[in-house]
Every structure is written in structure tokens, then in C-alpha cells.
Amino acid sequence: MSRGQRLAFLAVAAAIAIVAVVVLGPGSEEADDARRSSPTERTQPTSQSPRGSGRAERPPAPPKPAYEAIRFEDGKPVGGARDITVQSGETVRLAVRSDRAEEIHIHGYDRYVDVEPGKVERARFPARLEGVFEVEAHSDGTLLANLRVEP
Amino acid sequence: MRRTATLLAASVIAAAALAEPALAHGLGGRADLPIPAWLFGWGAAIVLIVSFVGLAALWPEPKLEGDSWRTLPGGAGRALGSRPVEIVCGAIGVALLLLVVWSGAAGNQLTTDNLAPTFVFVVFWVALVPVSVVFGDVFSAFNPWRAAGRAVGWVASKAAGEPLTAPLRYPERLGRWPAVVGLLAFTWLELAAQDGDLPRNVALAALVYSLLTGVGMALYGVEAWIGRGEAFSVYFNLFSRISPFERREREVGLRRPLSGLTSFDPSLPGTVALLAVVIGGVSFDGASEGALWAGIVPGLTDFFESLGLARGAAVEIASTVGLLGAIGLVFGLYRLGVAGARTVGGGFTTARLARAFAHSLVPIALVYVAAHYLTLLIFQGQAFIPLLSDPLGRGADLLGTAGGAIDYGVIGATAVWYTQVALIVVGHVAALTLAHDRALVLYDQPELAVRSQYWLLAVMVGFTSIALWLLSQANA
């Protein structure tokens, strides 16, 4: 192969590298930074006083952390098995209701939640393991939700 | 009776659950997160950059072709290849096979509680691949069927008072086809069969396969059948050719890594199909976790149901169609690239070229397997230790390790992503290296060798992009 051909191939490789840096480089880092900083923002909500309201003395109640609701009826999860997504290091909050006595198994984390018929049972635990984990009814293995813990 | 009812109920539920994107393996209950779009982009860009730098650096003389084997120094080569070592390894292999059949047949039928599924689908099928790549054809030493066949042959020849000869000559045109069929059957059991990971079915499959292998060895002789017809020998031997270690006669020696692939005989019929089954099988496994397959499978299942099939059977046949389709696509993509390479001249037929470059698909097949099953091996592989203490899943603790649980924290998602993408890039480079080396041997004119590489490069970029894309689609 001639020297010119070799240089041409190297030039193409360099061009691809430059295009990759332009297209993927800065944008992805911004997105990454935004993602990384978001959990801290969420845990430390900016305390805003309610604007335009006269009674500014009472500080606003801290927002109640939302529990992800799972409802298990007639042997099926209501609305289908959905994805529950949290960032690694956050707290997983589940509120489970079942129309029959059931043990809910969260795979990987190996947690079990005992639910009595008609009652809501809550579970809280830190999301330390990354990946997609099945949340299932232990009696028959019905998939209730997928717990997605992202880095 | 009650257990049958529970199993029936469980399989009906499993079949119903398949309509939604389900986790790929019955083992575990954990799946991978898809690689993020930016990493997919970077992975693809790096593959292209590496490819063009590779083209610029194409060498004029073959580097890997030719023999470089040398026995291990200090008598280690002779010790490792000695008969006592072979007998001990073979006995361990036979014992493990018996353990799998016994625990699968007699044990707890919950997949994760029984040794058989984890042993067969993780320790045997997945873990032996990296072991082969690093240490060479370890499986040939532990192969239970080969060990049993040789033992029976030894006893029979002692009894007869003369060396035994096989009743039939292994037909040339059979080539590697029995191994292709065997691997396809195993892949089908793993990925398409409804209760393929049910311990009892794993035991049954192991028994049936042992029987067929016994017949093959009895008809054509142990070495002939093991070398070409026995699916797992062929499969692990393929990957062991990447390793720097090789056993010859009664000695273990060293050679240049990858160079074992150049002596892989591509003239045997069924060689390209073999690689298509491996790559296609993993592709289907990956695709079945993604949106594309989730979009196809309901329509396909409904179609088979409308033909009068039960729900479970319809799901199974839909998966079979998907598996065969993926294998066909892999085969087609490779043949397309080779047909392109034929146009540069040299007077070769497409079939001849397809065989000549088949060995360059081995690193691609390896990284498909490695990237896809990385976390299955790291996580579910841990279950092997406690399961050894309680193979039947009945609460025994033979070795005092039964309490061990899988630690899903040993590796984070980010480390998994980088490892997967790095593996795919490395496999791509290895495949290109092998293809160019072969082209230099094949073509008289170096100019043709270089031009044929544009086509093969396109094929490799295609396979590598598919591998990256599958990772970005998994459970997205």
C-alpha cells in the first residue's frame, strides 16, 4: 500500500475522531453533569417562600417524598408491570396494596414485604445496587414492577 | 399432584408475562441497564477510528499464520499433559455430569434453588468460554463424554485383546454439521423453549445428549466424533484457539495468541453455520430484551395462536422463529460481505472465501458472548458456591457454603458498560487482524488482499455495530 493511501486512511480516522468529539463530547458531559447534580438538588429543595401570599411567616412544609404505588388485584398488577426508576444512592419508596395476603419480593435487594389484604404496606430502602430488578409476588412469581436503579 | 398444578400455573403465568418485555433468563431476577446513547455513539466512533487506523497500518507479510508452538519449560508441559492428569480431570467431568442429572431429576424444581440450571447455563455454557480463551482447551480434558468413551474403549480393547476400530468412517460431508445441530438445540433450550430452565428438563436434555453422543462415539470412534460432531467440544475448542496454550499429544505448550485460529480447518462443511448459530443465538437473546422484538412478538404469537396452537406453544414457536431469523441474518450479513470481497478478483468462489475467512468471526462470536453474558457470569455465577452445598435445593449444607447469597454490588452499571464496549472494540480489532492475515496468504497480489479487506471491514463494522446496538436496546 502506498504512503499516500496510508495517510489518507489516517486522515479519515482523524476526521471521524473530530466529528465524534464535536457531536458527542460537550453535549454528553453536560447531560451527565445535569444528571449527576439532580439528586442533590432534589434532596435539598430550594426553600422558596410562597410568592404573592401575605402569610409568609409559616415556612412551607418540606415536600413529602413520593411513594411509588403498586396495586396487586386479581393476580395482576393494576396498570401492568411498570418501571420504577431511581438513581443510585437515592431512597426507594414503595407503597404496596394487595387484595390478598401476599409476600412481595424485591430481587437483588432480597427484601420481602408482607402485605395484608386491603392494607397498604410501605417499604423504604437505599438504592445501592445498580441494574434492573424484578419486584414480584412471591406466591406465584407474578411480575409486579421492574425496579431500575441507574448510576 | 399439587406440585404439577403449581408448575402448570407457573408456566401459564410465565407465558402470559412474556407478552411484556420480560427479563431474559429465569435465573437471577436481575437484568442489565441499556448502555446510554452517548456511550453507544462513542463505542461506534472508536470502532470506526480503530478500523481506519488499522487500514493505514496494514502489514505486508502474514504475522499469525504459521506454527509457533513450543512446549512449556521445566517439564510443566509434560506434567500437565500427562495421563494421570487426564484421568483425574475426566473423572471430575463425569462426576459433574452425574451431579447435574441427579440434582435436576431428583431435586427441587425451582430453577434458582437447583444446581442443574445454574451449572449448565452459567458455569458450563458461559464460564468455560473465558476459561478456554485464557487457558486453552480445558474442556477437552474435563469432557465427560470423551472420558467415558475412552474408558469404555480401553476396557473393551483389553477384553478383546486387540485395539478397537470404529465400525464406520466419519463421513467427510458431515463435517461440523452434527455440532451445529447440537448447538442450535442447546440454544433453543436456553432461549426459546418454554421450560428450558426447569431442572427436570435440564437433566433430561443432558441424558438425551449423552445418549446421542454415546451412539456417535460408538459408530465413528471417540476422537472422530468428539472432534467434529460433539457440539460442546467444537464450541469450546473454537474459543480455545485464541489462547496461548495448546495441548499436543501429551504435552502442553505455548503459541502466539490468536494463532491457533489460523489452523482451524475451514474446509469442513458446516463451519460458517456454526459461527452463525453462536453469533445469531446471542443476538436473539439480546434482541429479545429490546423494543424491536417486543414489537414483533405479540403479532407473531397471535398468528400462531390463530393457527390453533395453545398460548404457551405459540410463544415458543414465535421465539423459535426469532432465533432462526437472527441466525439467518448473521449468516446473510457474512455471506454478503464475502460476496463483495469476491468482486475484487482472485478467482475464488463465494463459498471458498466464506470458509477462508470464517475463523475471523471467532473473536466476534467471543465478544458477543462475553458482553452479553458478562453480568450473568458475575452475578449468577456466585450462586454456584452455595448451590454446590445444596445441589437438590432441599436445605442441605454439604460444604458449609449453603448460606451464601449473590452480592449484586460487586460491579456497578457504569463499570459493566465500559467493560462491554471495550470487549466489543477488542474483538473487532482481533477479527480484522485475522482477516487481513488470511487475505495475505490467500491472494497472490498484495493489492487484492488489501481491497478484499474493505469488504470484510464493512462486515466486521456491521457485526460490531449490531453488538453495540443490542447493548443499547437491552431493557431500554
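Residues numbered from 1 in each chain as written. Chains lettered and ligands numbered in written order. Predicted model: local features only at pLDDT ≥ 70, side-chain atom pairs only at ≥ 80, totals over all residues.

## Remarks on the overall build of chain A
For step 1, the next point in the chain: Counting its regular elements, chain A contains one helix and nine strands.
For step 2, the next point in the chain: For chain A, the succession of helices and strands along the chain, N to C, is α-β-β-β-β-β-β-β-β-β.
For step 3, the next point in the chain: A buried classification covers 21% of the 151 residues belonging to chain A.
For step 4, the next point in the chain: Sequence separation of 24 or more characterises 59% of the internal contacts of chain A that already satisfy a separation of 6 or more. (Helix = DSSP H or I, 4+ residues; strand = E, 2+ residues; numbered from the N terminus. Buried ≥ 20, exposed ≤ 12 C-beta atoms within 10 Å, placed from the backbone. Contact = placed C-beta atoms within 7 Å.)

## A short note on the overall build of chain B
For step 1, the next point in the chain: Looking only at helices and strands, chain B has 19 helices and four strands in total.
For step 2, the next point in the chain: Seen through its principal axes, chain B has C-alpha atoms that stretch 70 × 65 × 45 Å.
For step 3, the next point in the chain: Out of the 476 residues belonging to chain B, those deemed buried represent 47%.
For step 4, the next point in the chain: A fraction of 81% describes how many contacts in chain B between residues 6 or more apart in sequence connect residues 24 or more apart.

## A few points about the packing of helix α4 (residues 83–106) of chain B against helix α5 (residues 115–135) of chain B
Residues and elements named next belong to chain B.
For step 1, the next point in the chain: As a packed pair, α4 and α5 sit with axes 7 Å apart at the nearest point and diverge in direction by 135°. With respect to each other, α4 and α5 are oriented oblique. Each of Leu99, Val100, Ser103 and Gly104 in α4 lies in contact with α5, whose residues at this interface are Leu115, Ala116, Phe119 and Val120. (Axes fitted to C-alpha atoms, helices over the stretch in contact; angles between N-to-C directions. Parallel < 35°, antiparallel > 145°, perpendicular 65-115°, else oblique.)

## Digging into helix α10 (residues 222–229) of chain B
Residues and elements named next belong to chain B.
For step 1, the next point in the chain: Along α10, six of the eight residues are buried, which leaves the element largely enclosed by surrounding structure.
For step 2, the next point in the chain: The set of residues buried in α10 consists of Val222, Trp225, Ile226, Gly227, Arg228 and Gly229.
For step 3, the next point in the chain: On its buried face, α10 is in contact with α7 (144–160), α8 (177–191), α9 (199–220) and α11 (231–240).

## A closer look at the sheet that holds strand β4 (residues 251–254) of chain B
For step 1, the next point in the chain: The strand order across the open sheet formed by three strands is β2-β4-β3 (chain B), and the pairing between neighbours is antiparallel. The two strands at the open ends of the sheet, each matched to only one other strand, are β2 (70–71) and β3 (245–248) of chain B. (Pairing = 2+ DSSP bridges.)

## Some remarks on the packing of helix α2 (residues 37–56) of chain B against helix α18 (residues 413–442) of chain B
All names here are of chain B.
For step 1, the next point in the chain: Closest axis-to-axis distance for the α2/α18 pair is 10 Å, and the angle between their directions is 20°. Classed by the angle they form, the pair α2 and α18 counts as roughly parallel. Considering the relative orientation of α2 and α18, their crossing is right-handed. Within the contact between the two elements, α2 uses Leu39, Gly43, Ile46, Val47, Val50, Ser51 and Gly54 and α18 uses Trp417, Val421, Ile424, Val425, His428, Val429 and Leu432.
For step 2, the next point in the chain: Here the residues of the contact of α2 with α18 sort into ten nonpolar, four polar and no charged. (Left-handed = near helix turned anticlockwise from the far one by under 90°. Nonpolar A, V, L, I, M, F, W, Y, C, P; charged D, E, K, R; others polar.)

## Comments concerning the environment of Asp32 of chain B
For step 1, the next point in the chain: Turning to its location among the elements, Asp32 of chain B is positioned in the loop between β1 (30–31) and α2.
For step 2, the next point in the chain: In sequence terms Asp32 of chain B and Asn475 of chain B are 443 residues apart; their C-alpha atoms lie 7.0 Å from each other.
For step 3, the next point in the chain: When near neighbours in sequence (up to four residues on either side) are disregarded, Asp32 of chain B contacts Gly131 and Val132 of chain A together with Thr375, Val416, Ala474 and Asn475 of chain B.

## So, the interface of chain A and chain B
For step 1, the next point in the chain: Residue-level contacts link 30 residues of chain A with 30 residues of chain B.
For step 2, the next point in the chain: For the side of chain A that touches chain B, the elements supplying multiple residues, two or more each, are α1 (3–43), β8 (131–137) and β9 (143–150) of chain A.
For step 3, the next point in the chain: Among the elements that take part in the side of chain A that touches chain B, α1 of chain A stands out by supplying ten residues, more than any other.
For step 4, the next point in the chain: Class assignment for the residues of the side of chain A that touches chain B results in 15 nonpolar, seven polar and eight charged.
For step 5, the next point in the chain: In this sheet, β1 of chain B lies alongside β8 of chain A in antiparallel orientation, the contact comprising two bridges. The residue bridging Val132 of chain A from the neighbouring strand is Ala31 of chain B, located in β1 of chain B.

## Brief notes about the confidence of the model for chain A
For step 1, the next point in the chain: For chain A, the mean per-residue pLDDT works out to 80, and 74% of the residues sit at or above 70.
For step 2, the next point in the chain: Residue range residues 30–54 of chain A is modelled with pLDDT below 50. Its contacts to residues more than four positions away, or to other chains, number seven contacts. (pLDDT = per-residue confidence, 0-100.)

## A word on the environment of Leu168 of chain B
Residues and elements named next belong to chain B.
For step 1, the next point in the chain: Relative to the elements of secondary structure, Leu168 occurs in the loop between α7 and α8.
For step 2, the next point in the chain: C-alpha of Leu168 to C-alpha of Gly221: the two residues are 53 residues apart in sequence and 8.0 Å apart in space.
For step 3, the next point in the chain: Residues contacting Leu168, with those up to four places away along its chain left out, are Leu219 and Tyr220.

## Some thoughts on the sheet that holds strand β1 (residues 68–73) of chain A
Residues and elements named next belong to chain A.
For step 1, the next point in the chain: Ordered by their spatial adjacency, four strands build an open sheet running β2-β1-β4-β7, and the pairing between neighbours is mixed. The open sheet is flanked by β2 (76–77) and β7 (120–126), the only strands paired with a single partner.
For step 2, the next point in the chain: Direction of pairing for β1 relative to strand β4 (residues 91–98): parallel, over a ladder of five bridges. Residue pairing across strands places Arg71 opposite Arg97, the latter belonging to β4.

## So, the confidence of the model for chain B
Regions with low pLDDT carry predicted coordinates that are not meant to be interpreted in detail.
For step 1, the next point in the chain: Counting all residues, the mean pLDDT for chain B is 90, and 94% of those residues have values of 70 or more.
For step 2, the next point in the chain: Among the scores for the predicted complex, ipTM is 0.82 and pTM is 0.87.

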